[in-house]
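# Coordinates in review
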6 protein chains.
Amino acid sequence: MNDLSGPPHHQVERLVRQALSEDLATAGDLTTNAIFGADDQSAGRIVARQDGRIAGIETALAVFSMLAGEVRTIVEIPDGHDAVAGAVVAEVEGSTRAILTGERTCLNLLGHMCGIATATRDVVALTAGTNARIVDTRKTTPGLRAFEKYAVRCGGGSNHRFGLHDAVMIKDNHIAAAGSIGEAVAAARANIGHMVKIEVEVDRIDQIEDALDAGADVILLDNMTPAELTQAVSTINGRAVTEASGGITLETIADVAASGVDVISMGALTHSSARLDVALDM
Amino acid sequence: MNDLSGPPHHQVERLVRQALSEDLATAGDLTTNAIFGADDQSAGRIVARQDGRIAGIETALAVFSMLAGEVRTIVEIPDGHDAVAGAVVAEVEGSTRAILTGERTCLNLLGHMCGIATATRDVVALTAGTNARIVDTRKTTPGLRAFEKYAVRCGGGSNHRFGLHDAVMIKDNHIAAAGSIGEAVAAARANIGHMVKIEVEVDRIDQIEDALDAGADVILLDNMTPAELTQAVSTINGRAVTEASGGITLETIADVAASGVDVISMGALTHSSARLDVALDM
Amino acid sequence: MNDLSGPPHHQVERLVRQALSEDLATAGDLTTNAIFGADDQSAGRIVARQDGRIAGIETALAVFSMLAGEVRTIVEIPDGHDAVAGAVVAEVEGSTRAILTGERTCLNLLGHMCGIATATRDVVALTAGTNARIVDTRKTTPGLRAFEKYAVRCGGGSNHRFGLHDAVMIKDNHIAAAGSIGEAVAAARANIGHMVKIEVEVDRIDQIEDALDAGADVILLDNMTPAELTQAVSTINGRAVTEASGGITLETIADVAASGVDVISMGALTHSSARLDVALDM
Amino acid sequence: MNDLSGPPHHQVERLVRQALSEDLATAGDLTTNAIFGADDQSAGRIVARQDGRIAGIETALAVFSMLAGEVRTIVEIPDGHDAVAGAVVAEVEGSTRAILTGERTCLNLLGHMCGIATATRDVVALTAGTNARIVDTRKTTPGLRAFEKYAVRCGGGSNHRFGLHDAVMIKDNHIAAAGSIGEAVAAARANIGHMVKIEVEVDRIDQIEDALDAGADVILLDNMTPAELTQAVSTINGRAVTEASGGITLETIADVAASGVDVISMGALTHSSARLDVALDM
Amino acid sequence: MNDLSGPPHHQVERLVRQALSEDLATAGDLTTNAIFGADDQSAGRIVARQDGRIAGIETALAVFSMLAGEVRTIVEIPDGHDAVAGAVVAEVEGSTRAILTGERTCLNLLGHMCGIATATRDVVALTAGTNARIVDTRKTTPGLRAFEKYAVRCGGGSNHRFGLHDAVMIKDNHIAAAGSIGEAVAAARANIGHMVKIEVEVDRIDQIEDALDAGADVILLDNMTPAELTQAVSTINGRAVTEASGGITLETIADVAASGVDVISMGALTHSSARLDVALDM
Amino acid sequence: MNDLSGPPHHQVERLVRQALSEDLATAGDLTTNAIFGADDQSAGRIVARQDGRIAGIETALAVFSMLAGEVRTIVEIPDGHDAVAGAVVAEVEGSTRAILTGERTCLNLLGHMCGIATATRDVVALTAGTNARIVDTRKTTPGLRAFEKYAVRCGGGSNHRFGLHDAVMIKDNHIAAAGSIGEAVAAARANIGHMVKIEVEVDRIDQIEDALDAGADVILLDNMTPAELTQAVSTINGRAVTEASGGITLETIADVAASGVDVISMGALTHSSARLDVALDM
């Protein structure tokens with residue numbers, strides 16, 4: 001695997017600044033400022049309290065560089081690697097005020113991203129031995145898309161489109177408005193660039209040929225049983241990428257993957273993963 | 001109950017703008033713009049797919065007013081009320097482009113906030129008949145604190161402090177640095193205003209008298225069993241507000257509440273609630 | 001053709017606010033405020049002084065809604081349509097202060113976007129009768145990408161990728177680092193989602209088979225003569241989309257298009273088009 | 001006294017950027033750029049021209065780090081300490097362009113904050129020997145609340161609530177709407193968290209028992225004479241914190257403090273303090 | 001006098017948003033939201049509690065339009081007019097929550113700007129019958145320059161340069177660096193545009209001829225006595241605009257104005273004016 | 001010539017952040033991140049592919065410091081100097097990811113600014129031997145005014161006013177509203193500060209005396225032939241600065257300059273210059 005690459009730097013700056021702003025408002029950290037002096041120094045360790053997959057450690061540590069005091073940091077377990085319960089993910093050393101003031105924001109970022117990465121890792125494991133890639137959706141937390149999609153990659157998953165802006169997804173409303181799958185795809189193709197892929201959502205096997213005729217790059221097989229998926233994959237026979245979506249759970253995913261689909265998308269990775277328990281021990 | 005009051009308007013604007021920005025980037029909604037015309041009109045209904053507590057419907061509908069086309073909206077189930085599966089939460093009518101472009105952002109906001117409100121509601125129900133208030137923590141998603149804390153209120157919970165800026169919480173690191181609970185509280189009191197409450201975290205019964213002597217307004221009883229909590233409440237005997245925190249689950253919460261504590265705080269309300277399934281039916 | 005859809009609303013707000021901010025700073029419009037009263041009303045017409053293709057009229061009129069006084073506007077020639085010299089593109093009526101203060105910002109936006117649309121229209125005309133689509137590049141003015149790429153669409157062109165974020169383009173540096181075209185494409189495919197297209201740049205005919213073998217969706221034929229392009233198109237024979245790029249001028253473009261390439265990209269559309277002369281007549 | 005802690009870093013960045021932006025706009029410092037070269041170096045001293053209390057020196061020096069050229073700074077008199085007329089508060093050395101361009105913004109920040117700190121110091125001195133704390137109000141300059149409240153702390157005062165968000169203050173309008181003091185406090189308590197204090201404003205002695213019965217944490221005694229205040233303090237007798245407010249001047253404050261009130265709030269500290277005269281000598 | 005024109009709209013939006021943000025943070029107005037319902041309506045009047053000159057009433061009322069609830073407003077005394085103690089400056093009617101939540105921010109803006117306008121008015125009155133214009137300086141509150149300079153105009157004063165960006169002011173440091181007044185002016189003229197005026201600061205009569213020879217548009221006569229100013233004006237004899245600055249007080253200003261100088265600049269107008277007492281009566 | 005001074009730092013930050021944001025959105029550089037590792041290092045050279053005048057090299061290199069990886073840069077040809085085709089303008093060395101990700105944004109900034117500087121240089125050369133200064137107008141690209149006006153200075157030109165805020169320009173609409181040139185100038189003078197210059201636009205010789213009588217500092221001679229300009233200059237005879245504007249081309253500019261006007265303004269410098277071809281060679 002190549003080195004993972006985190007969210008663009010301007011996104012990190014924006015999110016961390018916003019997070020600190022809501023925690024500090026105008027008054028700052030009343031408790032820490034009252035009890036610790038400006039020159040007090042401390043060292044601490046960011047520790048995983050549960051087994052999990054690390055994601056977002058660089059983003060989480062960026063919190064400290066946005067506070068006034070100097071804090072030096074060392075990453076022990078980089079993104080995309082697993083931590084066992086008790087493992088030290090990173091070490092921090094420097095201004096006590098900065099460390100304590102940034103602690104919660106740092107852990108909120110890290111716990112949230114590791115939670116998604118860990119859930120993704122576990123889903124990926126359930127589909128081992130198949131060709132199916134696990135991907136996210138656009139069901140992300142507002143303001144955190146770059147971070148949550150990156151966490152999915154850290155968990156071994158892949159990304160679906162990042163937004164409405166980078167790929168076409170034709171659903172029933174679009175088809176109804178255009179008149180048919182063919183007309184919808186044609187309208188899309190006429191208005192988008194040559195670097196944009198087109199996915200068509202179908203919920204019945206008999207729509208597949210229309211989608212293929214229209215030249216869909218990807219066919220989303222919506223809410224189909226493993227048996228239906230197997231049939232759909234057979235029908236498509238490599239003429240388009242196949243994606244299973246809708247109603248897939250930890251119980252059904254192995255069967256879904258065994259159907260031979262290329263891609264399985266799960267909104268729950270980003271919208272319903274519990275955070276990983278992480279802590280800062282001084 | 002008084003009318004709930006949502007997050008400050010400037011917070012709504014900021015979050016919605018950010019959410020739309022990450023979904024639309026520079027290219028906008030490729031699919032919708034290709035297939036629907038500027039004057040196309042549609043009507044839709046935002047529907048709960050699961051039973052749950054509504055939170056954030058006004059925030060979610062604000063998405064449409066930040067897109068170019070005009071969309072009229074009617075709230076059917078306001079924040080703080082319950083929806084059964086299938087219930088119409090709101091109706092939208094107007095520019096098809098605006099409705100379809102805003103759909104996912106609207107639902108992401110609503111589903112996230114309803115998920116928290118619903119989880120809170122369910123926890124509150126488990127403590128019915130006791131005096132314990134269910135409150136959140138600072139373990140919120142970065143950038144969404146105002147929204148998640150409001151969702152907790154919609155679920156019948158209350159809010160702990162909003163950040164480091166509006167109340168003092170003295171934990172073990174602070175006590176160690178100050179030398180004792182008494183010295184830590186004294187340092188805090190000397191540096192904060194008279195409108196700020198002071199909470200002291202204790203993890204042993206024998207620390208309680210020190211905290212009371214120091215004049216703590218609230219005592220956080222950390223990681224105590226229901227039996228220990230009962231003893232602590234009895235010891236404190238109304239001399240301070242009591243808060244139970246740490247390791248509380250759906251299984252233990254009724255016993256925790258029965259101990260007589262005033263407040264029970266649960267980070268999981270905001271950091272690990274699954275979203276409520278909501279959809280926009282055209 | 002479907003209705004064109006302009007840049008996302010948050011982009012319009014950002015650009016117009018920035019443009020007004022640099023023109024008004026803290027002091028505002030010294031001249032207009034000194035000579036006209038707050039209640040003075042005027043009417044004016046935005047007029048094309050040259051033949052050209054209209055782009056950005058809605059964006060340009062948004063200037064007035066961001067100033068304090070009320071201004072009503074009517075579009076006479078919408079985006080994507082041609083204006084002859086002297087034609088009225090839009091009418092404005094309302095606060096004299098707002099009209100005069102916004103005039104230059106409005107015209108700067110409109111003239112810039114119409115300039116690009118007109119240049120695109122003229123290039124498209126030169127390739128009439130061929131299948132070649134005219135597309136832009138990432139050589140846009142910083143801060144104006146959404147606007148310039150939209151102007152290209154208004155001119156009858158199409159858009160190449162919008163940025164580094166929505167498609168893969170493998171160039172010589174990437175190939176050298178990866179070791180071969182095949183390895184570069186494989187590395188890309190392993191790290192990107194299934195909705196992302198991959199384009200490979202080749203500058204010699206003998207690289208084409210490698211690119212096809214690697215599964216490139218699009219092959220960029222860099223700096224080739226029309227004769228080489230014809231040979232390349234024949235070699236590729238529909239197995240990938242073909243794009244000609246590099247050194248293409250108004251003199252050579254008809255021959256380039258006649259080679260049978262699918263796409264011709266020209267940076268000059270966005271980085272070197274002269275503005276269209278537009279004016280506001282009171 | 002513990003080390004003072006300045007406004008949160010993101011507030012400093014925001015205010016300094018805004019201040020430089022309004023001074024430089026798009027053209028920058030016309031005079032300095034015309035006369036000094038990019039490599040010219042200078043040294044200067046920030047000097048107090050009047051006796052006063054220092055506040056904001058770190059904030060003021062942050063101006064130089066936001067300009068392009070490098071400037072090294074040394075603080076000689078930190079916040080919270082007194083400077084006599086002629087004293088050197090800080091030394092700066094580095095890029096002449098940066099020093100001269102930042103000079104006025106630096107001094108505007110410093111003079112404003114020192115003015116408030118000095119006025120606070122002088123009021124605090126008038127109440128020496130009493131238990132009364134001098135506090136500010138929400139009557140601050142828009143955009144500078146964090147800075148002005150910090151300056152009050154530098155002057156030896158304390159802070160009242162930072163905004164509408166961190167404490168409850170029940171005034172006559174609220175009481176009238178709720179029906180009584182008791183109902184107003186009950187409504188507040190039902191809707192706020194357990195970490196929020198409640199203050200009730202009374203303007204007659206006979207309202208005090210209602211406020212105490214309602215459980216007010218703090219009672220604001222509005223526009224009372226020293227004699228009335230003495231009576232009120234006696235009535236309350238430690239059952240709530242007492243705050244005197246309204247119409248208090250330098251002439252009356254000693255008598256007000258002698259009444260035994262815990263807190264005296266004065267809006268004039270932040271809204272009407274003259275700046276301290278500070279200068280930058282090269 | 002022509003209608004006054006307030007600060008640019010984007011400046012108003014920025015300042016009001018910032019002011020509300022610091023008052024509301026994430027939690028909003030705890031008191032008002034707890035006690036008033038979403039549909040409660042009220043009417044109120046903004047009243048001057050002291051005689052003074054109105055400035056900023058439109059800016060202050062813009063606060064209400066940035067809060068969620070609807071508030072209708074009527075201006076009774078526009079900017080630039082005088083209010084006697086007790087006069088109604090404006091009326092507001094609508095959402096009780098919005099009115100009470102915005103009250104303090106509204107009054108802070110209004111009181112600050114009226115304070116500056118009133119002080120300016122009073123200084124202008126002291127120079128009646130002379131030709132001297134009263135002008136401000138760059139000694140403004142960070143972030144409020146547009147607002148404070150506008151308030152000076154409302155008070156009957158005029159504006160000096162708005163920043164470093166719109167005029168050249170050559171002081172002793174520049175002269176020392178350039179070698180002489182002549183060389184400093186020449187360097188400036190070579191580097192600035194033809195629309196920029198040049199002012200030269202002199203503190204001795206014998207520097208005046210150098211400044212005139214260099215072609216200064218304006219000569220700043222620094223810290224001179226009325227007698228020296230009279231001599232300087234006579235020496236300059238209309239060959240440049242004359243400005244008196246430095247150490248001018250309410251006691252000396254009439255004599256300064258009688259010297260015949262064209263312009264008198266006073267930093268105290270913006271940096272040390274007390275606020276005008278304004279209130280919102282429901 | 002003195003060292004040129006680039007746009008204010010906050011403008012550079014804003015523009016570069018915006019440019020990177022539109023290129024990277026949420027997903028970042030898909031290609032580079034897939035193929036290069038986090039620790040890969042490279043060196044490259046920014047090369048001029050055409051002869052031209054350099055402008056904006058510091059701004060363009062600032063791109064790299066806003067990306068996460070470290071990049072060291074050396075400027076070989078500073079702003080305001082000429083580069084021949086093939087010349088190395090700057091060298092960059094460091095993180096491969098940062099260099100490749102920033103490449104296009106860097107070159108877009110540099111090519112745009114060099115294009116304007118080069119066009120200005122060439123126009124200035126055509127007027128050599130005359131006293132005429134070449135100046136820009138307000139016909140700049142929205143969001144880039146500071147950068148484009150700086151590029152004009154790098155090309156040897158001067159700047160007209162930077163916006164509506166720093167100088168008065170009275171045109172026909174203003175004259176019509178005021179009643180006459182004299183009344184328009186008087187209204188302006190009454191409402192602006194003493195540091196603001198006034199320019200009056202005339203399109204007939206017989207308006208000149210009115211403008212001079214009114215005390216215009218600068219007279220804009222609009223759309224006049226060289227012969228008319230010569231007559232106008234003679235009429236004005238040094239009583240005001242003279243500016244020729246309107247319809248001036250490369251063919252006519254030498255004759256315009258020979259008329260003796262002080263200033264020649266050309267909108268095309270900023271709104272229609274082609275970019276200079278610059279590249280980054282690894």
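Not measured: the values here are computed from a predicted model.

## Some points on the sheet that holds strand β8 (residues 198-202) of chain C
All names here are of chain C.
- Overall, parallel pairing links the six strands, which are arranged β6-β11-β10-β9-β8-β7 in an open sheet. Edge strands, defined here as strands with exactly one partner in the open sheet, are β6 (133-135) and β7 (168-170). Averaged over all neighbouring strand pairs, the angle between strand axes comes to 25°, with direction disregarded.
- By the bridge criterion, three bridges tie strand β10 (residues 241-245) to strand β11 (residues 263-265) in an arrangement that is parallel. Pairing of Ser245 across the sheet is with Ser265, part of β11.
- Relative to β8, helix α7 (residues 181-191) is tilted by about 160°, and along the sheet it contacts β7 and β8.

## Description of the relation of the copies chain A and chain B
- Each copy superposes on the other: chain A lies on chain B with an RMSD of 0.0 Å after a rotation of 180° and an axial shift of 0.0 Å. Within this description, the copies of the chain are treated as partners about a two-fold rotation axis.
- Most of the interface of chain A is mirrored in chain B, where 100% of its interface residues again form contacts.

## Some details on helix α5 (residues 145-154) of chain B
- Counting buried residues along α5(B), ten of its ten residues qualify, which places the element largely inside the surrounding structure.
- When we look at burial in α5(B), the residues that qualify are B:Arg145, B:Ala146, B:Phe147, B:Glu148, B:Lys149, B:Tyr150, B:Ala151, B:Val152, B:Arg153 and B:Cys154.

## Brief notes about the interface of chain A and chain B
- Every contact between the two is made by 58 residues of chain A and, on the other side, 58 residues of chain B.
- Taken together, both faces of the contact between chain A and chain B bury some 4700 Å²; the carbon and sulfur share is 61%.
- Looking only at chain A, the three residues that lose the most surface to chain B are A:Glu22, A:Pro142 and A:Leu164, adding up to 15% of its buried area.
- For the pair chain A and chain B, the number of links is four salt bridges.
- A salt bridge links A:Asp23 to B:Arg138; the nearest nitrogen and oxygen atoms lie 2.6 Å apart.
- Put simply, chain A and chain B have 26 residue pairs in polar contact (both at pLDDT 80 or more) between them.
- The set of elements that each furnish at least two residues to the side of chain A that touches chain B consists of α1 (9-24), α2 (30-35), α4 (96-126), β7 (168-170), α6 (172-178) and α7 (181-191) of chain A.
- For the side of chain A that touches chain B, the element with the highest residue contribution is α1(A), accounting for eight residues.

## Points about the environment of E:Thr120
Residue and element names in this part refer to chain E.
- Its location among the elements puts Thr120 in helix α4 (residues 96-126).
- Here Thr120 falls in the buried class, since its relative accessible area comes to 0%.
- Each C-alpha atom, one on Thr120 and one on Ala254, is 14 Å from the other, the two residues being 134 residues apart in sequence.
- If near-sequence neighbours (up to four positions away) are discounted, Thr120 is found in contact with Val152, Gly155, Gly156, Gly157 and Leu269.

## What to know about the packing of aromatic side chains
- The final tally for this structure, using the stated rule, is zero aromatic pairs over all chains.
- Between the NZ or CZ atom of B:Lys149 and the centre of the ring of B:Phe162, over which it lies, the distance is 5.2 Å.

## Things to note about the pattern of salt bridges
- Tallying each qualifying case throughout the model produces 74 salt bridges over all chains.
- Connected through salt bridges with shared partners, the residues A:Arg53, A:Asp82, A:Arg121 and A:Asp122 form a single ionic network.

## Let's talk about unusual backbone geometry
- Although it is not a glycine, A:Asn223 adopts a positive phi angle of roughly 55°.
- Unusually for a residue other than glycine, E:Ala25 sits at a positive phi of about 45°.
- Its place among the elements puts E:Ala25 in the loop between α1 (9-24) and α2 (30-35).

## A look at the environment of F:Val92
All names here are of chain F.
- Mapping Val92 onto the fold places it in strand β5 (residues 88-95).
- Under the relative-accessibility criterion, Val92 is labelled buried at 2%.
- Along the primary structure Val92 and Met282 are separated by 190 residues, whereas in three dimensions their C-alpha atoms are 9.1 Å apart.
- Those residues in contact with Val92 that sit more than four places away from it in its chain are Ser42, Ala43, Gly44, Ile46, Leu61, Phe64, Val71, Arg72, Thr73, Ile99 and Leu280.

## Focus on empty space enclosed by the protein
- There is about 160 Å³ of room inside the second largest cavity.
- Contributing to the lining of the second largest cavity are 19 residues, with C:Thr141, C:Thr270, C:His271, C:Ser272 and F:His112 lying nearest its centre.
- Among the elements of the structure, α4 (96-126) and α11 (268-271) of chain C together with α4 (96-126) and α11 (268-271) of chain F are those that each provide at least two residues to the lining of the second largest cavity.
- For the lining of the second largest cavity, the element with the highest residue contribution is α4(F), accounting for three residues.

## Comments concerning the interface of chain B and chain D
- Each side of the interface is counted separately: chain B has 27 residues, and chain D has 26 residues.
- Roughly 1900 Å² is buried in total at the junction of chain B and chain D, and carbon and sulfur atoms are behind 55% of that figure.
- Joining chain B to chain D, the criterion identifies zero salt bridges.
- At the junction of chain B with chain D, the criterion picks out eight residue pairs in polar contact (both at pLDDT 80 or more).

## Some details on the nonpolar core
- In terms of nonpolar packing, the biggest core is built from 137 residues, with A:Ile46, A:Ile170, A:Ile219, A:Leu221, A:Ile264 and B:Ile46 touching the most fellow members.
- In contact with A:Leu221, other than residues within four places in its own chain, are A:Val202, A:Ile208, A:Leu229, A:Ala232, A:Ile236, A:Thr242, A:Glu243, A:Ala244, A:Ser245 and A:Val261.

## Details of the confidence of the model for chain A
- Of all residues in chain A, 99% have pLDDT values of 70 or greater, and the mean over the chain is 96.
- Interface scoring of the predicted complex returns ipTM 0.96; its pTM is 0.97.

## Structural notes on the pairing of strand β8 (residues 198-202) of chain D
Residues and elements named next belong to chain D.
- Of all five residues making up β8, five are buried, and the element is well covered by its neighbours.
- Along β8, one buried face is formed by Ile198, Val200 and Val202 and the opposite face, lined by Glu199 and Glu201, is buried too.
- As defined by bridge partners, strand β7 (residues 168-170) adjoins β8 across three bridges and the pair is classed as parallel. The residue bridging Val168 from the neighbouring strand is Ile198, located in β8.
- When β8 meets strand β9 (residues 218-222), the two strands line up parallel, connected through four bridges. Looking across to β9, one finds that Val202 is bridged to Leu221.
- Remark: the β8/helix α8 (residues 208-214)/β9 crossover connection has right-handed handedness.

## Some details on the sheet that holds strand β12 (residues 278-281) of chain E
Residue and element names in this part refer to chain E.
- One open sheet accounts for four strands, arranged β3-β5-β1-β12; its pairing is antiparallel. Because the sheet does not close on itself, it has two edges, and the strands there are β3 (71-75) and β12. Taking the axes of each pair of neighbouring strands and ignoring which way they run, one obtains an average angle of 20° across the sheet.
- Taken together, the seven bridges between strand β1 (residues 41-48) and strand β5 (residues 88-95) define a ladder with antiparallel strand orientation. Paired with Ala43 across the strands is Glu93, a residue of β5.
- Along the sheet face, helix α3 (residues 57-65) touches β1, β3 and β5 and points at about 170° away from the line of β3.
- Docked against the sheet, α4 engages β1, β3, β5 and β12, running at close to 155° with respect to β5.

Parameters and conventions
- Residues numbered from 1 in each chain as written.
- Chains lettered and ligands numbered in written order.
- Predicted model: local features only at pLDDT ≥ 70, side-chain atom pairs only at ≥ 80, totals over all residues.
- Heavy atoms only, no water.
- Pairing = 2+ DSSP bridges.
- Helix = DSSP H or I, 4+ residues; strand = E, 2+ residues; numbered from the N terminus.
- Axes fitted to C-alpha atoms, helices over the stretch in contact; angles between N-to-C directions.
- Contact = heavy atoms within 4.5 Å.
- Least-squares fit on C-alpha atoms with pLDDT ≥ 70 in both.
- Buried < 20%, exposed > 50% of the residue type's maximum accessible area, 1.4 Å probe, protein only.
- Buried area = accessible area lost by both parts, 1.4 Å probe.
- Salt bridge = Lys/Arg side-chain N within 4 Å of Asp/Glu carboxyl O.
- Polar contact = N/O pair within 3.5 Å; in protein donor to acceptor, adjacent residues only side chain to side chain.
- Phe/Tyr/Trp six-rings, centres within 6.5 Å; stacked < 30°, edge-to-face > 60°.
- Lys NZ or Arg CZ within 6 Å of the ring centre and 35° of its normal.
- 1 Å grid on protein atoms, 1.4 Å probe; cavity = no way out; pocket = protein on both sides within 12 Å on 5 of 7 lines; lining within 4 Å.
- Points joined across faces, edges and corners; volume = space filled by probe spheres on them.
- Core = buried A, V, L, I, M, F, W, Y, C linked by side-chain atoms within 4.5 Å.
- pLDDT = per-residue confidence, 0-100.
- Right-handed = clockwise from strand over helix to strand, strands pointing away.

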